[in-house]
Every structure is written in structure tokens, then in C-alpha cells.
Amino acid sequence: MKYAFFPGCVSRGGCPELYPASKLICQRMGIELQEMPGASCTGAGVLQEKNQLLGDTLNARTFAMAERLGFPIMTICSTCQGVMSQANHRMKGDPAYLAEVNSYLAEEGLEYHGTAEPKHLLWILIEDYGLDKLLQLVTRPLAELRVAPFYGCYIVRPTEALDIAEHPERQTSLETLIQTLGATVVDFPGKTRCCGFPILTINETNSVAMVAKHTSEVKDLGADAMVTPCPLCHLNLDGYQPKASAQAQRPINMPILHLPQLIGLAMGISPRELGLQRHIVATKPLLMKLGASG
């Protein structure tokens, strides 16, 4: 299996542990990743609010690069997935708009033909790779752990752009994966709500309150950790959890794992290789419970 790899910005910036963890588990699974040097940011939805054409053109440029390689696109960021899917949906549904976008790409000798299929690693594991094959690579089942899923916003809506009707399993993909790895799912209503990151710079108090609500809720339900397929959610839920704890006036200490880190632990990859020592909220209690503190 080969994919044009689109890691996004945050996996090498704010969450640099995500990029190597993703490559490690893909190597274990035999998934070949072809990177696209020069591919740009998706715009994260923020750029699109100001200039949709510019944002969509940037994404079409990445799609055109993938088309040249002849591989489908793998992303490891829910925000990237959502923004790319929405851009793709707009362009595929409007040939005149796609032609306008391509008029700008022509300056670089690129053209998007509308065949790209950006796909998050989470979906690839379930729809393309197969959970039966993944289970064969599990050497350290996570039976001791209770894990709460946190989808965030961009990988669950808008449903039309994300092809949810054609792939209803995507709505429960995190729970399915957690169970496949041997852990117990800790379900909670906030799993598909916003983490607060989009409003962090304009209303930090409310953003941090959202972090406190989500992490406190799963703690009270007995979760050992929360897992997310979105590095922006990770930045907020992990990085701002100390502020959230202080604001809520209660201890929380809820480890937030990237999706590839949870998978990597089940594969027996060392916590250090997965970058778990880089987190703001200590992961040591979680690893001790798992027996993987080394």
C-alpha cells in the first residue's frame, strides 16, 4: 500500500512527536509513504473564512501533486482532513470553479483533475488496511486501559463533504479502533464537540473552559487517557490542561494521546520512540498501568 503523505504543519511544529510516531506505525504495517515536498498548509479553515478561493487553490495544488504521484493522500490531522474534504467537495461539484482554480495552478505547471481522495490514517486503517491485519501486529494488548475517544470537529462534519453517508463506520471509527487494540472505550457526549482551539486567541477563558469540561468529564468517568486523531485538539487538550485545571479549581491530569501513539503502544513500540515524554500532561501513570514505563 502506498500513499502520498500529507503530515500537515502541526505534526512537525506544535506536536513534533506525531510525525515520527506515524511513520513508525506505518513502517510496521508495511504502508509506504511518499512525501510531497513543497505542499502547503490547508489553511486550517481560518484562511477559507477570509478567502475561500485562495484556500481551495492551495489544497488543489496539493491534490495535483498527489495525482502526479498516482497515489491517494494520507493525512494524520483531522483538521487537514476536514478542510481538504470540503475544498475537494466544492471543486468536484462545480466544474467552472475547478477551472478557475486550475487557472492559478497553471502558473506552476500544475492541474487538478478531480481524482484526489484525501483520507485520514484512522479511516485508512479501517477501510483500506483492515483491522484484522492490524490486530496481528498487536503484541501488547491495551486491556488494562480505559480510553476516551475525542474526534473534535473536522472529521465528523460537514457529513456530506466527508462522505459519512457512504461510510457510516467513520462515525464510530475511533471506538472501533480502541476496542481492536484491546482497551475499554469510555464514551462521553463531548467526543464530537470542539476542543476550543479555534477560539483560543480571541477568548482564552472560554477555550480553556472547554478543555476543562472535556478532560474533567472523562476523568470522572474513569478514563486513563483520551485519544484524538487531531493534533490541534491535542495542542489544546494537552497543552492548556494545566490552565484548565487551575481555572476549574480541580486536578485533572488526563493524558492525551495521538492516535498513532496509542497504536504504537499496542504494537510494542517504546514510549520514548513514540514521543510520549514530550507531552505537557505526564503520561507516566498511564504507562505504568500498562507496564510500558520503560
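Residues numbered from 1 in each chain as written. Predicted model: local features only at pLDDT ≥ 70, side-chain atom pairs only at ≥ 80, totals over all residues. Heavy atoms only, no water.

Observations concerning the overall build of the protein
Part 1 of the argument: Within the protein, the regular secondary structure consists of 13 helices and 8 strands.
Part 2 of the argument: Rg of the C-alpha trace for the protein: 19 Å, near the compact-globule value of 19 Å for 294 residues, within the 12% margin.
Part 3 of the argument: Across the 294 residues of the protein, 53% fall into the buried class.
Part 4 of the argument: Contacts spanning at least 24 positions in sequence make up 77% of the contacts within the protein whose residues lie at least 6 apart.
Part 5 of the argument: Accessible surface, the protein as shown: approximately 12400 Å² in total, 52% of it carbon and sulfur.
Part 6 of the argument: Computed over 25 positive and 28 negative side-chain charges, the separation of the two mean positions in the protein equals 8 Å. (Helix = DSSP H or I, 4+ residues; strand = E, 2+ residues; numbered from the N terminus. Rg over C-alpha atoms; globule rule 2.2 N^0.38 Å. Buried < 20%, exposed > 50% of the residue type's maximum accessible area, 1.4 Å probe, protein only. Contact = heavy atoms within 4.5 Å. Areas by Shrake-Rupley, 256 points an atom, 1.4 Å probe, with all protein chains shown as cover. Lys, Arg positive; Asp, Glu negative; His and termini not counted. Charge placed at Lys NZ, Arg CZ, Asp CG, Glu CD.)

Some details on the side chain of serine 216
Part 1 of the argument: Tracing the sequence through the fold places serine 216 in helix α9 (residues 204-220).
Part 2 of the argument: The exposure class assigned to serine 216 is buried, which follows from its relative accessible area of 7%.
Part 3 of the argument: Here alanine 212 takes part through its backbone oxygen, which lies 2.7 Å from a polar atom of the side chain of serine 216.
Part 4 of the argument: Residues contacting serine 216, with those up to four places away along its chain left out, are Arg250 and Ile252. (Polar contact = N/O pair within 3.5 Å; in protein donor to acceptor, adjacent residues only side chain to side chain.)

Details of the pairing of strand β7 (residues 225-228)
Part 1 of the argument: In β7, alternate side chains face the same way, and those of Ala225 and Val227 on one face and Met226 and Thr228 on the other are all buried.
Part 2 of the argument: As paired strands, strand β5 (residues 146-149) and β7 are joined by 3 bridges and run parallel to one another. When the bridges of β7 are listed, valine 147 appears paired with alanine 225.
Part 3 of the argument: Across 3 bridges, the pairing between β7 and strand β8 (residues 256-258) is parallel. (Pairing = 2+ DSSP bridges.)

Side note on the pattern of salt bridges
Part 1 of the argument: Going through the model one piece at a time under the given rule, you end up with 14 salt bridges.
Part 2 of the argument: The shortest N-O distance in the salt bridge between lysine 119 and glutamate 117 comes to 4.0 Å.
Part 3 of the argument: For lysine 119, a relative accessible area of 7% gives the class buried.
Part 4 of the argument: One salt bridge connects arginine 170 with glutamate 127, and the closest N-O pair in it is separated by 2.7 Å. Pair noted here: arginine 170 is in the loop between β5 and α8 (173-180) and glutamate 127 is in helix α6 (residues 121-129), with a separation of 43 residues, a long-range link.
Part 5 of the argument: Residue glutamate 127 is classed as partly exposed on the basis of its relative accessible area of 22%.
Part 6 of the argument: Taken together, the salt bridges that share partners define one network made up of Glu117, Lys119, Glu127, Asp128 and Arg170. (Salt bridge = Lys/Arg side-chain N within 4 Å of Asp/Glu carboxyl O.)

Some points on helix α12 (residues 259-266)
Part 1 of the argument: Most of α12 sits out of view: 8 of its 8 residues are buried.
Part 2 of the argument: Leu259, Pro260, Gln261, Leu262, Ile263, Gly264, Leu265 and Ala266 are the residues of α12 that are buried.
Part 3 of the argument: At the exit of α12 stands glycine 268, carrying a positive phi of roughly 85 degrees.

A closer look at helix α11 (residues 241-248)
Part 1 of the argument: Turning to α11, its buried residues number three or more, namely Gln241, Ala244 and Ser245. Within α11, the buried residues cover an arc of 100 degrees as seen down the axis, which keeps them to one side.
Part 2 of the argument: Against the buried residues of α11 lie α9, α10 (231-239) and β8.
Part 3 of the argument: Just past α11, the residue glutamine 249 takes up positive phi, approximately 55 degrees. (Arc of directions from axis to C-beta.)

Let's talk about the pairing of strand β1 (residues 2-6)
Part 1 of the argument: With respect to burial, β1 is a largely interior element, 4 of its 5 residues being buried.
Part 2 of the argument: Pairing analysis gives 4 bridges linking β1 to strand β2 (residues 32-35), with the strands arranged parallel. Paired with lysine 2 across the two strands is glutamate 32, which belongs to β2.
Part 3 of the argument: For the crossover that starts at β1, traverses helix α1 (residues 18-29) and ends in the parallel β2, the hand is right-handed.
Part 4 of the argument: Bridge count for β1 against strand β3 (residues 73-75) is 3 bridges, and the pairing is parallel. Bridging from a neighbouring strand, phenylalanine 6 pairs with threonine 75 of β3. (Right-handed = clockwise from strand over helix to strand, strands pointing away.)

Observations regarding the packing of aromatic side chains
Part 1 of the argument: Using the criterion set out here, one finds 3 aromatic pairs in the structure.
Part 2 of the argument: Between the aromatic rings of phenylalanine 63 and tyrosine 112, the centroid separation amounts to 5.2 Å while the plane-to-plane angle is 55 degrees, which identifies the pairing as tilted. Here tyrosine 112 lies in the loop between α5 (95-105) and β4 (118-120) and phenylalanine 63 lies in helix α3 (residues 52-69), a separation of 49 residues in the sequence. Summarising the burial analysis for this pair, phenylalanine 63 and tyrosine 112 share the class buried.
Part 3 of the argument: A centroid spacing of 6.5 Å and a plane angle of 25 degrees characterise the contact between phenylalanine 150 and phenylalanine 188, whose relative ring orientation is stacked. Taken together, the residues phenylalanine 150 in the loop between β5 and α8 and phenylalanine 188 in the loop between β6 (184-185) and α9 connect sequence positions 38 residues apart.
Part 4 of the argument: Across from the ring centre of tyrosine 19, 4.2 Å away, lies the NZ or CZ of arginine 12, which sits over that ring.
Part 5 of the argument: For the cation-ring pair, arginine 170 lies above tryptophan 123, with the distance from its terminal atom to the ring centre recorded as 3.7 Å. (Phe/Tyr/Trp six-rings, centres within 6.5 Å; stacked < 30°, edge-to-face > 60°. Lys NZ or Arg CZ within 6 Å of the ring centre and 35° of its normal.)

Interpretation note: all reported values are geometric properties and have no functional meaning in isolation.
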